[in-house]
Amino acid sequence: MLINVSRLSRKAKLVLISTMLLAAVTNPAWSADNPFPESSTAYTKLQEIKQRASDLTVKAMDLMGIHYKRGGNSPENGLDCSGFVRYVFKDVVGTNLPRTSAEISKVGEHVEQKDLQPGDLVFYNTLKRGFSHVGIYLGDNKFIHSPSAGGQVRVESMDIAYWKKRFNGARRINDD
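In this numbering scheme, every chain counts its residues from 1 along its sequence in written order. In keeping with the model being predicted, local features are shown solely for residues with a pLDDT of at least 70 and side-chain atom pairs are shown and tallied solely at 80 or more, while totals for entire chains, interfaces and linings include all residues. The side-chain quantities take in all heavy atoms of the structure and omit both hydrogens and water.

Q: In this structure, what is going on with the sheet that holds strand S4 (residues 121-124)? I would like to understand it.
A: What holds strands together in a sheet is hydrogen bonding between their backbones, with the strands either parallel or antiparallel. Here, strands pair whenever DSSP counts at least two bridges between them. A run of H or I in DSSP becomes a helix once it reaches four residues, and a run of E becomes a strand once it reaches two; helices and strands are each numbered from the N terminus. Pairing in this open sheet of 6 strands is antiparallel, and the strands run S3-S8-S4-S5-S6-S7 from one edge to the other. The open sheet has two edge strands with one neighbour each: strand S3 (109-111) and strand S7 (154-157). Pairs of neighbouring strands in the sheet enclose a mean axial angle of 40°, with direction left out of account. Note: S3 against strand S8 (residues 167-172), 3 bridges, orientation antiparallel. Axis angles are defined between N-to-C directions and span 0 to 180 degrees, where every axis is a line fitted to C-alpha atoms and, for a helix, only to the segment in contact.

In structure tokens:
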């Protein structure tokens, strides 16, 4: 009733994307160039950041197929874009974000598009006003969001002309 895609298909997608994310964050090329000894505070903080990003993206992927509902804030009843982002951040890191995408766009720190990391928020102008849509960056120029009426939570490429033209900016939500 809640989800239009089969559970098996969702789990298979989740496993595939989780594996890709894990491969990206445990890249041997990165570890060979790692300037931090494993016992350092910087290394520990980096590991925590990578784990948080992984947890955020996995939780977001677990909601694929949930239907869009304007003003929606729970998977059981449907999610709009900001409800989706709020739900994921509350569930994973306990952060209470504001209700609208415009309000969320004022939280955290500004991130340049070239510096995006998994778990960052990406904002778009979809209603002829800035910051009217929000999603969660997954990596590889892809983001996950709850699109619009009749849609479901899904992954999209930021390289598609529609999204490229409407990109408004990005924010990184910190723990504090």
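Q: Is there a simple way to explain helix H4 (residues 81-93) in this structure?
A: An α-helix turns once every 3.6 residues. As a result, residues three or four positions apart point the same way. Here H4 is 13 residues long and its end C-alpha atoms lie 18 Å apart, about the 18 Å a rise of 1.5 Å per residue gives. Buried means the residue's accessible area, taken with a 1.4 Å probe over protein chains only, is under 20% of the maximum for its type, while exposed means over 50%, and partly exposed covers the values in between. Those residues of H4 not exposed but buried are Cys81, Ser82, Gly83, Phe84, Val85, Val88 and Phe89. Of the residues flanking the end of H4, it is Gly94, one or two places downstream, whose phi is positive at about 75°. Here a helix's expected span is defined as the number of its residues, less one, multiplied by 1.5 Å.

Q: Just checking my understanding: could you explain the pattern of salt bridges for this structure?
A: Pairing between side chains becomes possible if they bear opposite charge and their charged atoms approach one another. Throughout this description, the term salt bridge denotes a Lys or Arg side-chain nitrogen within 4 Å of a carboxyl oxygen of Asp or Glu. Applying the stated criterion across every chain yields a total of 5 salt bridges. Residue Asp115 is joined to Lys114 by a salt bridge in which the shortest nitrogen-to-oxygen separation is 3.3 Å. Classification of Asp115 by relative accessible area gives partly exposed; the value is 38%. Residue Glu156 is joined to Arg154 by a salt bridge in which the shortest nitrogen-to-oxygen separation is 2.7 Å.

Q: Just to check I follow, could you spell out the layout of surface pockets for this structure?
A: To find leftover empty space, one rolls a probe the size of a water molecule over the atoms. Only protein atoms enter the 1 Å grid used here. Points where a 1.4 Å probe fits but cannot escape make up a cavity, open sets with protein on both sides within 12 Å along at least five of seven lines make up a pocket, and a residue lines them when an atom lies within 4 Å of a point. Grid points are joined across faces, edges and corners, and a volume is the space filled by probe spheres set on the points. The volume enclosed by the second largest pocket comes to roughly 470 Å³. Mapped by element, the contributors of at least two residues to the lining of the second largest pocket are H4, helix H5 (101-104), S7 and helix H6 (161-166). In the lining of the second largest pocket, the residues fall into 8 nonpolar, 10 polar and 6 charged. Throughout this entry, Asp, Glu, Lys and Arg are counted as charged residues, while Ala, Val, Leu, Ile, Met, Phe, Trp, Tyr, Cys and Pro are counted as nonpolar. The remaining residues, Gly among them, count as polar.

Q: It is not clear to me how the pairing of S8 should be interpreted in this structure. Could you clarify?
A: Each regular strand shows side chains that alternate between the opposite faces of the sheet. The pairing of S4 with S8 spans 4 bridges and is antiparallel. Bridge pairing in S8 places Val122 opposite Ala170.

Q: Quick question: what am I supposed to make of the nonpolar core here?
A: One broad trend across soluble globular proteins is that nonpolar side chains are buried collectively. Of all hydrophobic cores here, the largest spans 22 residues; its most connected members are Phe84, Val85, Phe89, Leu121, Ile136 and Ile144. Broken down by element, the residue count for this core peaks at 5 residues, all from H4. Apart from the residues lying within four places of it in its own chain, the contact partners of Ile136 are Ala60, Phe84, Val85, Val88, Phe89, Gly119, Asp120, Leu121, Val122, Lys142, Phe143 and Ile144. Counting residues in each nonpolar core, the second largest holds 9 residues, with Val111, Leu116, Val122 and Met158 among its members. We define the nonpolar core as a collection of buried residues of types Ala, Val, Leu, Ile, Met, Phe, Trp, Tyr and Cys that are connected through side-chain atoms lying within 4.5 Å of one another. Here, two residues are considered to be in contact whenever any of their heavy atoms come within 4.5 Å of each other.

Q: Explain the side chain of Asp80 to me, please; I cannot follow it from the model alone.
A: Locating Asp80 in the fold gives a position in the loop between strand S2 (78-79) and H4. In this view, Asp80 contacts Tyr68, Lys69, Arg70, Gly71, Gly72, Arg99 and Ser146; residues no more than four positions away in its chain are not counted.

Q: For this particular structure, what's the right way to read the packing of aromatic side chains?
A: Two descriptors summarise a pair of aromatic rings, namely the distance from one centre to the other and the angle between the planes of the rings. To pair, rings of Phe, Tyr and Trp, with the six-membered ring standing in for Trp, must have centres within 6.5 Å; the planes then decide the type, stacked if under 30 degrees apart, edge-to-face if over 60, and tilted in the middle. Within this structure, the stated rule accounts for 6 aromatic pairs. Taking the centre distance of 5.7 Å and the plane angle of 75° together, the rings of Tyr124 and Phe167 count as edge-to-face. Here Phe167 lies in strand S8 and Tyr124 lies in strand S4, a separation of 43 residues in the sequence. The class of Tyr124 is buried, set by a relative accessible area of 0%. Members of the aromatic cluster, joined through ring pairs, are Tyr124, Phe143, Tyr162, Trp163 and Phe167.

Q: Looking at this model, I keep getting lost on the confidence of the model for the protein chain. Mind explaining?
A: Caution applies to low-pLDDT parts of the model: their predicted coordinates are not meant to be read in detail. pLDDT runs from 0 to 100 and stands for how confident the predictor is about each residue. The share of residues in the protein chain with pLDDT of 70 or more is 77%, and the mean pLDDT across the chain is 85. Here residues 1-5 scores under 50 on pLDDT; set against residues more than four positions off or in separate chains, the count is 15 contacts.

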